[in-house]
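# Commentary on secondary and tertiary structure
Single-letter residue listing:
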Amino acid sequence: MAAKLGRNAYLTANTGDFADEIVINGRTYVKVNDLRYGTNPHQPAAFYRPADQHGAIMDMETLKNGKSGLSQTNLEDISGALNIVKFFDRPACAVMKHVNPSGAAVAIPGETVKQVYIKARDCDARAAFGSVIAFNVEVDKETAEEIMSTFCECVVAPAYTAEALEVFNDGETHKLNKQIRILRCGDIASLPKFVDDNEDGAFNTFKVLGDGSVVIAAPLLTNVRTAEDIPAATGENKACGVQTSTVEPTEQQMIDLLTAWYINISVRSNGVVIVKDGQTLCVGTGEQDRVGAVEQAIEKFSQKFSGDVTLEGAVMSSDGFFPFYDAVEVAAKAGIKAIVAPSGSLKDADVIKRANELGVALRHAPERIFSHH
């Protein structure tokens, strides 16, 4: 039931019609609470957890709540952001907006948590307005003050210092974020990362189709654990014969390739992620063609990136293979020197040959990571 507020504004009164307990695929789920709304204010929604399971999201503790609680989109953004930072032992931050990362960053030696947050935010500071921010480490006072300098919806982290919580609770000084929601997540290590983390099907996903039918699927996890899982690209066809990538990425580029791959898992397909020194510089997402995703990312960098870094020497991940070498040419022209993507194209050999000619290191991942959320 929706209460009319104005010509184009509505508030949802959650009807409370969601059952206290449901059974899906043989597993019992219990209702945690009714949500502020679903994806839009006129869509009621409720949050459920498996009765026999604990996890980083379902065990979240609210330390500061806005006046109206969480929506479905807040929870989806929290999940997506934690799904990025879970991969890293170093301090990491992800900034999510509309179920896509606007930016993410991982610490390089000597960087503070505040600096990591700024790197993640400033990938696209404009899109980060009203975002959900996640960390894999404790948030300190300096980071909290930086967060409160711009508007955001939610912050989620495994811990906060007492001084950081004082900053978040100071609504008079930080009126812009008076209603910010501060959440302490459960154990991030409980989140699945790799394909064999779902052997019992505990993390299977459910997609409801337009007529109410349901698709149950294994979750999007990866086989990529280390650099050894993304070897130099190789391919063969009649036109080019056998081709192997001959350009070696630097040590930092190899680290950045893994970072870009892990971030791309939470990007809507077609997706590409460009990273340099642990910082996402731009994200291309939701495009219907591969080269379009690369062009979008590079254009966003030129328009939105608020730093003095260039794309020269950066790396890129692609969630699908390259059907032609045009995307590699566009990336190389912008200064990108290393790329990771799955194989599978009839023109893999052509793409590898062209990458060698352009001086771009090309690595093949063992899987495609399309995300159609």
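Residues numbered from 1 in each chain as written. Predicted model: local features only at pLDDT ≥ 70, side-chain atom pairs only at ≥ 80, totals over all residues. Heavy atoms only, no water.

The next subject is the pairing of strand 11 (residues 181-184). Here three bridges tie strand 6 (residues 61-64) to strand 11, and the two strands are oriented antiparallel to one another. Residue Thr-62 lies in a different strand from strand 11, and its bridge partner there is Leu-183. Where strand 10 (residues 152-157) meets strand 11, four bridges bridge the pair, whose relative direction is parallel. Note on strand 11: the bridge partner recorded for Cys-154 is Arg-181. Handedness of the crossover joining strand 10 and strand 11 through helix 4 (residues 162-168): right-handed. (Pairing = 2+ DSSP bridges. Helix = DSSP H or I, 4+ residues; strand = E, 2+ residues; numbered from the N terminus. Right-handed = clockwise from strand over helix to strand, strands pointing away.)

This part takes up a negative patch on the surface. Together, Glu-142, Glu-145, Glu-163 and Glu-166 make up a negatively charged patch on the protein surface. Elements with a contribution of two residues or more to the negative patch: helix 3 (141-147) and helix 4. Note that Glu-145 resides in helix 3. By relative accessible area, which is 36% here, Glu-145 ends up partly exposed. (Patch = residues over 30% accessible without salt bridge, like charges linked within 9 Å, V, L, I, M, F, W, Y side chains within 5 Å. Areas by Shrake-Rupley, 256 points an atom, 1.4 Å probe, with all protein chains shown as cover. Salt bridge = Lys/Arg side-chain N within 4 Å of Asp/Glu carboxyl O. Lys, Arg positive; Asp, Glu negative; His and termini not counted. Charge placed at Lys NZ, Arg CZ, Asp CG, Glu CD. Buried < 20%, exposed > 50% of the residue type's maximum accessible area, 1.4 Å probe, protein only.)

Here we come to the nonpolar core. In terms of nonpolar packing, the biggest core is built from 49 residues, with Met-60, Leu-82, Val-156, Ile-230 and Tyr-262 touching the most fellow members. If one sorts the elements of this core by residue count, helix 5 (residues 251-264) sits on top with seven residues. Leave out the neighbours within four places in its chain, and Ile-230 touches Val-224, Met-254, Leu-257, Leu-258, Val-340, Arg-363, His-364 and Ala-365. Counting residues in each nonpolar core, the second largest holds 28 residues, with Val-272, Phe-322, Ile-352 and Val-360 among its members. (Core = buried A, V, L, I, M, F, W, Y, C linked by side-chain atoms within 4.5 Å. Contact = heavy atoms within 4.5 Å.)

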